[in-house]
Amino acid sequence: MSAESLPLWFDVAAIEKALSRQKAPDAIELRDILDKSMRMESLNQDEIVALMRVDDPVGHERILAVADEVKQKVYGDRMVLSAPLHLSNHCGSECLYCSNRRENELVERKYMTSPEMREAALKLIRQGHKRIFLVSGQLPNADVDYLAEAISILYTLFDGVGEIHSVNVNVGPLESSQYQVLLDAYVGTVLIYQDTYHEASYRAAHVSGPKSNYVKRLVAPDTAFAAGVPDVGMGILLGLGPWQFDLLALAQHVQHLERVYDMGCRTVSLHRMRPAPGSLMDVPYPVSDADYLRCVALVRLALPYAGIILTTKEPAGLWRDGCGAGASQLLTGSVANPYGGWTVAPGQQVPFPLGEDCHVDEVVRFLLEDARHLPSFCAACPRLGRRGEEFLAMVRECGMKGQCGPNSAASFMEFLLHYATPYTRIQGERLLEEKLGRMSLHERGAADRLLKKVRAGCMDEFI
């Protein structure tokens, strides 16, 4: 497809011109760029590239530290935990890196039935989860009614203590009427991952089927916002294209959405491309651990108000460091490859994962002992209907942090009382007391009131 058919906001020439810079910034330029970030101002392409060119360890550490400070200003030090739920791996697209690709005969194909959805979701609720990401293959008809049914089912579940309060959906481009079906089911964030903005890389990986339409994927967030979707999430599959190009294109894309809809994106998911059963593609542009952390930090600095989502499928030390480099949410599993630890016996297929073993207690314990972040299962925003413009206004005014601290403390205490192992509960209460001591007087008062109610047996307490 010719460049003329690309949306007007996508200025490939400007990206390539910015990336032509090879010189690292001097101390003054680096200071000025990071000071701009601390003022919560989005960076332009030239400034992002300047940070990409920093090549000394001290400068790199400064970038990570400032990214964490920006995240602290917006959200505090909490890390929101969510879980993926894979509903189906039937797919009409042939994406060479993906285990769900249409021609792959190595995996067992399945649609979860309604009882299986309930069983898998209850498994997640019994670990303490309140936020779910629904994932499925992309069929030509998009299966929106199937997704809407799943959303409705999940909102009805209760394990005697906890329940799901936010169901987000990872989908391909839809028509306006199809988005309305999801909105009627009260979908949370609609996640539309571009995977890579680099056209040649995109076309080489997505060879046929609905996902092969590169331009339709690019304009899908516009279609969603125009259809009334209040919260759209975006994402990059790091390694599929050149990460430097993808970060600049992502920044361009979000700036366009802010200009037109004053909305930007609710979240940005950053997952690295990884092996999958039946994959026909090696990673075209491998991303090192150091560059992965750089990507997390640069997205935080370029898009200070976005929620940045990492996955525990990354090595533990890496996602831990990512929590201190600007990330604000952690997916206890992976939307990119649900087949963790897969093996293939001759003549057999890899079974479909009926609910991932997310090991939430282990993730929480690691956050407590190593990352020192406050694990959060808070779902106050979806409970209050705080979406779209209202949510973004609070984030832009840095008013979210004042509520995130107390609400996260209350949701974490619920987890400790009802779902944590004894050791995790002891460690969790110690860290919680430490975090309470660092809160402002106003936040501490609100947190103490919420915690008193939770310890008395109340659930889902928030301000």
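As shown above, the structure is provided for reference.
Residues numbered from 1 in each chain as written. Predicted model: local features only at pLDDT ≥ 70, side-chain atom pairs only at ≥ 80, totals over all residues. Heavy atoms only, no water.

## Topic: the environment of V80
Link 1 in the chain: Here V80 lies in strand β1 (residues 78-88).
Link 2 in the chain: Considering only alpha carbons, one finds V80 and P242, 162 residues apart in sequence, at a separation of 29 Å.
Link 3 in the chain: Not counting chain neighbours up to four residues away, the residues in contact with V80 comprise R131, S328, Q329, L330 and S376. (Helix = DSSP H or I, 4+ residues; strand = E, 2+ residues; numbered from the N terminus. Contact = heavy atoms within 4.5 Å.)

## Quick notes on helix α16 (residues 400-418)
Link 1 in the chain: Given a rise of 1.5 Å per residue, 19 residues ought to cover 27 Å, and the 26 Å separating the end C-alpha atoms of α16 matches this to within 8%.
Link 2 in the chain: Here α16 lies mainly inside the structure; 15 of its 19 residues are buried. (Expected span 1.5 Å × (residues − 1). Buried < 20%, exposed > 50% of the residue type's maximum accessible area, 1.4 Å probe, protein only.)

## Points about the nonpolar core
Link 1 in the chain: F10, L85 and L134 are the most contacted members of the largest nonpolar core, which totals 142 residues.
Link 2 in the chain: With residues near it in sequence (within four places) discarded, F10 still touches I15, Y197, Y214, L218, F245, A249 and Q252.
Link 3 in the chain: Counting nine residues, the second-largest nonpolar core is a separate cluster that includes L96, Y97, A205 and L240. (Core = buried A, V, L, I, M, F, W, Y, C linked by side-chain atoms within 4.5 Å.)

## Observations concerning the pairing of strand β8 (residues 267-272)
Link 1 in the chain: Of all six residues that make up β8, six are buried, and the element is covered over most of its length.
Link 2 in the chain: Neither face of β8 is left uncovered, since the one carrying T267, S269 and H271 and the one carrying V268, L270 and R272 both have all their residues buried.
Link 3 in the chain: Pairing of strand β7 (residues 232-238) with β8, which is carried by six bridges, proceeds in the parallel orientation. Looking across to β8, one finds that G233 is bridged to T267.
Link 4 in the chain: With respect to chirality, the unit in which β7 leads through helix α10 (residues 243-261) into the neighbouring parallel β8 is right-handed.
Link 5 in the chain: As judged from the three bridges shared by β8 and strand β9 (residues 307-311), these two strands associate in the parallel manner. In the sheet register, V268 faces β9, and the bridge partner there is I308.
Link 6 in the chain: Taking the sense of rotation as the criterion, the β-α-β connection linking β8, helix α11 (residues 289-302) and β9 turns out right-handed. (Pairing = 2+ DSSP bridges. Right-handed = clockwise from strand over helix to strand, strands pointing away.)

## A look at the pairing of β7
Link 1 in the chain: Counting buried positions along β7 yields seven of seven residues, so the element is predominantly enclosed.
Link 2 in the chain: Burial of β7 is two-sided: the residues V232, M234, I236 and L238 facing one way and the residues G233, G235 and L237 facing the other way are all buried.

## Section: unusual backbone geometry
Link 1 in the chain: Despite not being glycine, Y186 has its phi angle at roughly 60 degrees, a positive value.
Link 2 in the chain: For Y186, a relative accessible area of 34% puts it in the partly exposed group.
Link 3 in the chain: In this structure, D195 takes a positive phi of about 70 degrees despite not being glycine.
Link 4 in the chain: Along the chain, the position of D195 falls in the loop between β5 (190-191) and α8 (199-205).

## A closer look at the packing of helix α3 (residues 45-52) against α11
Link 1 in the chain: As a packed pair, α3 and α11 sit with axes 11 Å apart at the nearest point and diverge in direction by 155 degrees. Judged on the interaxial angle alone, α11 and α3 are roughly antiparallel. The hand of the α3/α11 crossing is right-handed. Counted together, I48, L51 and M52 of α3 and R294, L298, L301 and A302 of α11 form the full contact between these two elements.
Link 2 in the chain: The residue makeup of the contact of α3 with α11, split by class, is six nonpolar, no polar and one charged. (Axes fitted to C-alpha atoms, helices over the stretch in contact; angles between N-to-C directions. Parallel < 35°, antiparallel > 145°, perpendicular 65-115°, else oblique. Left-handed = near helix turned anticlockwise from the far one by under 90°. Nonpolar A, V, L, I, M, F, W, Y, C, P; charged D, E, K, R; others polar.)

## Points about α3
Link 1 in the chain: Of all eight residues in α3, seven are buried; the element is thus mostly enclosed.
Link 2 in the chain: Among the residues making up α3, those that are buried are Q45, E47, I48, V49, A50, L51 and M52.
Link 3 in the chain: Close packing links the buried residues of α3 with α1 (12-19), α2 (27-38), α4 (57-75), α10 and α11.
Link 4 in the chain: Capping the start of α3 is the job of one residue whose side-chain oxygen sits 3.1 Å from the backbone nitrogen of D46: N44. (Polar contact = N/O pair within 3.5 Å; in protein donor to acceptor, adjacent residues only side chain to side chain.)

## Re the packing of aromatic side chains
Link 1 in the chain: Applying the stated criterion across every chain, the model contains 11 aromatic pairs.
Link 2 in the chain: Geometrically, the ring pair formed by F10 and F245 is edge-to-face, given 6.4 Å between the ring centres and 70 degrees between the ring planes. On the criterion of sequence distance, the pair formed by F10 in the segment before α1 and F245 in helix α10 is long-range, its members being 235 residues apart.
Link 3 in the chain: Among the aromatic residues, those joined into a cluster by ring pairs are W9, F10, Y197 and F245.
Link 4 in the chain: It is R266 that lies over the ring of F391; its NZ or CZ is 3.5 Å from the centre.
Link 5 in the chain: Note that R272 overlies the ring of Y292, its terminal NZ or CZ placed 5.1 Å from the centroid. (Phe/Tyr/Trp six-rings, centres within 6.5 Å; stacked < 30°, edge-to-face > 60°. Lys NZ or Arg CZ within 6 Å of the ring centre and 35° of its normal.)

From the geometry alone we can't say anything about function, so treat these as descriptive.
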